[in-house]
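These are the residues of each chain, in order.
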Amino acid sequence: RYHHTSISHLCSCSKTASDEKYQDPFQLGRKDLKNLYEDIKKELLVSTAELKEMCDYYFDGKGKAFRPMIVVLMARACNIHHNNSREVQASQRSVAIIAEMIHTASLVHDDVIDDANSRRGKMTVNQIWGERKAVLAGDFILSAASVALARIGNTTIISVLTQVIEDLVRGEFLQLGSKENENERFAHYLEKTFKKTASLIANSCKAVSILGCPDPKVHEIAYQYGKNVGIAFQLIDDVLDFTSCADHLGKPTAADLKLGLATGPVLFACRQFPEMNAMIMRRFSKPGDVERARKYVLQSDGVQQTTYLAQRYCHEATREISKLRPSPEREALIQLTEMVLMRDK
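Since this is a predicted model, take the numbers as computed values, not measurements. (Residues numbered from 1 in each chain as written. Predicted model: local features only at pLDDT ≥ 70, side-chain atom pairs only at ≥ 80, totals over all residues. Heavy atoms only, no water.)

Participant: When you look at the overall build of the protein chain in this model, what are you seeing that I'm missing?
Facilitator: A tally of helices and strands in the protein chain yields 19 helices and 2 strands. For the protein chain, whose C-alpha radius of gyration is 20 Å, the value lies close to the compact-globule estimate of 20 Å for 345 residues. Each principal axis of the C-alpha atoms in the protein chain carries an extent, and together these give about 60 × 55 × 35 Å. Evaluated residue by residue, the protein chain yields a buried proportion of 55% over its 345 residues. Taking the intrachain contacts of the protein chain between residues at least 6 apart in sequence as the baseline, contacts between residues at least 24 apart amount to 74%. Surface accessibility of the protein chain: about 15800 Å² in total, with carbon and sulfur atoms responsible for 54%. Positive and negative side-chain charges of the protein chain, numbering 46 and 43 respectively, have mean locations separated by a distance of 2 Å. (Helix = DSSP H or I, 4+ residues; strand = E, 2+ residues; numbered from the N terminus. Rg over C-alpha atoms; globule rule 2.2 N^0.38 Å. Buried < 20%, exposed > 50% of the residue type's maximum accessible area, 1.4 Å probe, protein only. Contact = heavy atoms within 4.5 Å. Areas by Shrake-Rupley, 256 points an atom, 1.4 Å probe, with all protein chains shown as cover. Lys, Arg positive; Asp, Glu negative; His and termini not counted. Charge placed at Lys NZ, Arg CZ, Asp CG, Glu CD.)

Right, here's the structure in full:
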C-alpha cells in the first residue's frame, strides 16, 4: 500500500507518467486478447459433436480471462523492459491461450472431484454430461493445450509450462490429505494453494518473460509476481466462501467446508476456537459440523487475518514488478494487485 502511494507520488510530475498510472488492466490487455476464445476453439478441432458442445459450453467467452490478461500484460512489461518493444510476440500470446486452456481443464476435473453442480453461475459439465465424459473433456482440453505448447517449439517453455500440470495434480493430492499437526497444517494449505492456483500464473508469467527477455533476473521477477498474485487471489477466494452470497459468487457458499476443506479463515479461527481441531480432522463430516465451523469462523478474526495475509502477498507482488522499467503495463499489473484484494466474486 505504501509502495503504491509512493509510486503515484513519483508519477505525478509528468503528464504521460500519471496517465500510465491509472491504466485499467482489462482495457489495456483487451487488444491482445481479442478473439481469445475463438482461437482456443481453433485449437480444439473436435471430431465428435458432443465433445465440441462440451468445449463450447466452457469456452463461451463470458469468463473474465483473468489469467490470459496477466500473461499478456507481463509479456508487454518484459518486452518494454528489455528493448522497449511495444509488441506482444505470437508465441507469448500462445502462452496466454495455453494458460487459459490448462486452467479450464483443471476446473472441469475439479468439478468432477468435488461433485460440484454449479460454476460461474451455470451448471457444471459433469452435471449435464456426466462424470465420465467430463473427465475425458478435461483430458481433451489438456491434450490440445499440449499440442499448442509443442508448436511454440521452445524446450525451456515446454518444461516451464508442463511443471504447471504436475503442480495441479500434486496440489489436488495435497487437498485430499490433511495434517494432524497444527503448525504443519498452515504450510500444507499454502503449498496446496501455490500448486493448485498460483503455479499456473507464476509459470505462465515466467514463460512469456523468457520469450521476451534473456535476463534471468527478469524471469525471476515475472515468476515471483505471478506466484504472489496467485496466492493472494486464492486467499481472497477462500474469504469470499464465507462472506459472499451464493448468487453473487456463482457457486454455493461454505462450499469448501462441505467438501471437508480447512482453508485460511478456518485455520486462523482454529487458534481462537481450538474445538475446531477435531472437526478439521474429521473433515466436517458430522451433522452440524459445517454450520458450527462457519459460525466459529465468522465469530473469529479468521476472515480479517486471511485478508491481511493476501495484502502481504499483493504487496510483495508489487515490490517485485516495480523492479521493471516503468510502462503502462507495469502500472496495470500493480493496479491488478489492488483489484485482487477488492474483488467480491
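There's more to say after this.
Participant: Where do I start with the environment of Asn203 in this structure?
Facilitator: Here Asn203 shows up in helix H11 (residues 182–212). The class of Asn203 is buried, set by a relative accessible area of 5%. Along the primary structure Asn203 and Asn183 are separated by 20 residues, whereas in three dimensions their C-alpha atoms are 28 Å apart. Discounting residues that sit within four places of it in the chain, Asn203 has contacts with Val160, Leu161, Gln163, Val164, Asp167 and Tyr223.

Participant: What exactly am I supposed to notice about a nonpolar patch on the surface here?
Facilitator: On the surface, Ile113, Val169, Phe173 and Leu176 cluster together into a nonpolar patch covering about 420 Å² of accessible area. Take the nonpolar patch: its biggest share by element is 3 residues, from helix H10 (residues 155–176). Along the chain, the position of Phe173 falls in helix H10. Residue class for Phe173 comes out exposed when judged on its relative accessible area of 62%. (Patch = residues over 30% accessible without salt bridge, like charges linked within 9 Å, V, L, I, M, F, W, Y side chains within 5 Å. Salt bridge = Lys/Arg side-chain N within 4 Å of Asp/Glu carboxyl O.)

Participant: What is the right way to look at the pattern of salt bridges in this model?
Facilitator: Where charged atoms of side chains with opposite charge meet at close range, the side chains can pair. Enumeration according to the criterion identifies 18 salt bridges in this entry. One salt bridge connects Lys133 with Glu50, and the closest N-O pair in it is separated by 3.1 Å. Taken together, the positions of Lys133 in helix H9 (residues 131–152) and Glu50 in helix H5 (residues 49–58) put the pair 83 residues apart, joining distant regions of the chain. Taking the shortest distance from any N to any O, the salt bridge between Lys196 and Asp110 comes out at 3.3 Å. On the criterion of sequence distance, the pair formed by Lys196 in helix H11 and Asp110 in helix H7 (residues 90–114) is long-range, its members being 86 residues apart. The two residues Lys196 and Asp110 agree in class, both being buried.

Participant: Is there a simple way to think about the packing of aromatic side chains in this case?
Facilitator: Think of a pair of aromatic rings as described by two things: how far the centres are apart, and how the planes are tilted against each other in angle. Following the criterion strictly, the structure yields 7 aromatic pairs and no others. Judged by centre distance (6.5 Å) and plane angle (40 degrees), the ring pair of Tyr37 and Phe59 falls under tilted. Here Tyr37, found in helix H4 (residues 36–43), pairs with Phe59, found in the loop between H5 and helix H6 (66–83); they are 22 residues apart in sequence, far enough to count as distant. No difference in accessibility class separates Tyr37 from Phe59, as the two residues are buried. On the numbers, 4.7 Å between centres and 25 degrees between planes, the contact of Phe66 with Phe233 is stacked. In this pair, Phe66 is assigned in helix H6 and Phe233 in helix H12 (residues 216–243), connecting sequence segments 167 residues apart. Pair check on accessibility: Phe66 and Phe233 agree, each one buried. Through a chain of ring-to-ring contacts, the aromatic side chains of Tyr57, Tyr58 and Trp129 assemble into a single cluster. The side chain of Arg67 reaches across the aromatic face of Phe233, ending 5.4 Å from its centre. (Phe/Tyr/Trp six-rings, centres within 6.5 Å; stacked < 30°, edge-to-face > 60°. Lys NZ or Arg CZ within 6 Å of the ring centre and 35° of its normal.)

Participant: Help me out: how do you make sense of the side chain of Gln234 in this one?
Facilitator: Along the chain, Gln234 falls in helix H12. Reaching out from Gln234, the side chain makes a polar contact with the side chain of Thr197 at a distance of 3.0 Å. In contact with Gln234, not counting residues within four places along its chain, are Thr193 and Thr197. (Polar contact = N/O pair within 3.5 Å; in protein donor to acceptor, adjacent residues only side chain to side chain.)

Participant: Whenever I open this one, H5 confuses me. Can you help?
Facilitator: Helical periodicity: at 3.6 residues per turn, an α-helix aligns residues three or four positions apart in one direction. Buried within H5 we find Leu51, Met54, Cys55, Tyr57 and Tyr58. Projection of H5 onto a plane perpendicular to its axis shows the buried side chains occupying an angular sector of 155 degrees, all on one side. Residues of H5 that are buried make contact with H7, strand S1 (118–119), strand S2 (122–123), helix H8 (125–129) and H9. (Arc of directions from axis to C-beta.)

Participant: Can you help me understand the packing of helix H18 (residues 302–321) against helix H19 (residues 328–342) in this one?
Facilitator: A pair of packed helices can be characterised by two numbers: the angle between their axes and the separation between those axes. Direction vectors running N to C along H18 and H19 enclose 180 degrees, while the axes themselves pass 10 Å from each other. Comparing the axis directions of H18 and H19 gives the class roughly antiparallel. Residue-level inspection shows Ala310, Gln311, Cys314, Ala317, Thr318 and Ile321 of H18 in contact with H19, the latter providing Arg330, Leu333, Ile334, Thr337, Val340 and Leu341. For the contact of H18 with H19, the residue count by class is 8 nonpolar, 3 polar and 1 charged. (Axes fitted to C-alpha atoms, helices over the stretch in contact; angles between N-to-C directions. Parallel < 35°, antiparallel > 145°, perpendicular 65-115°, else oblique. Nonpolar A, V, L, I, M, F, W, Y, C, P; charged D, E, K, R; others polar.)

Participant: Help me understand the packing of H6 against H7, please; the structure alone is not making it clear to me.
Facilitator: The geometry of H6 relative to H7 is characterised by a closest axis approach of 8 Å and an angle of 155 degrees between their N-to-C directions. The angle between the axes of H6 and H7 places the two elements in the roughly antiparallel class. Between H6 and H7 lies a crossing of right-handed hand. Listed contacts from H7 to Arg67, Pro68, Val71, Val72, Ala75 and Asn79 of H6 are Gln92, Val95, Ala96, Ala99, Glu100 and His103. Class assignment of the residues belonging to the contact of H6 with H7 gives a composition of 7 nonpolar, 3 polar and 2 charged. (Left-handed = near helix turned anticlockwise from the far one by under 90°.)

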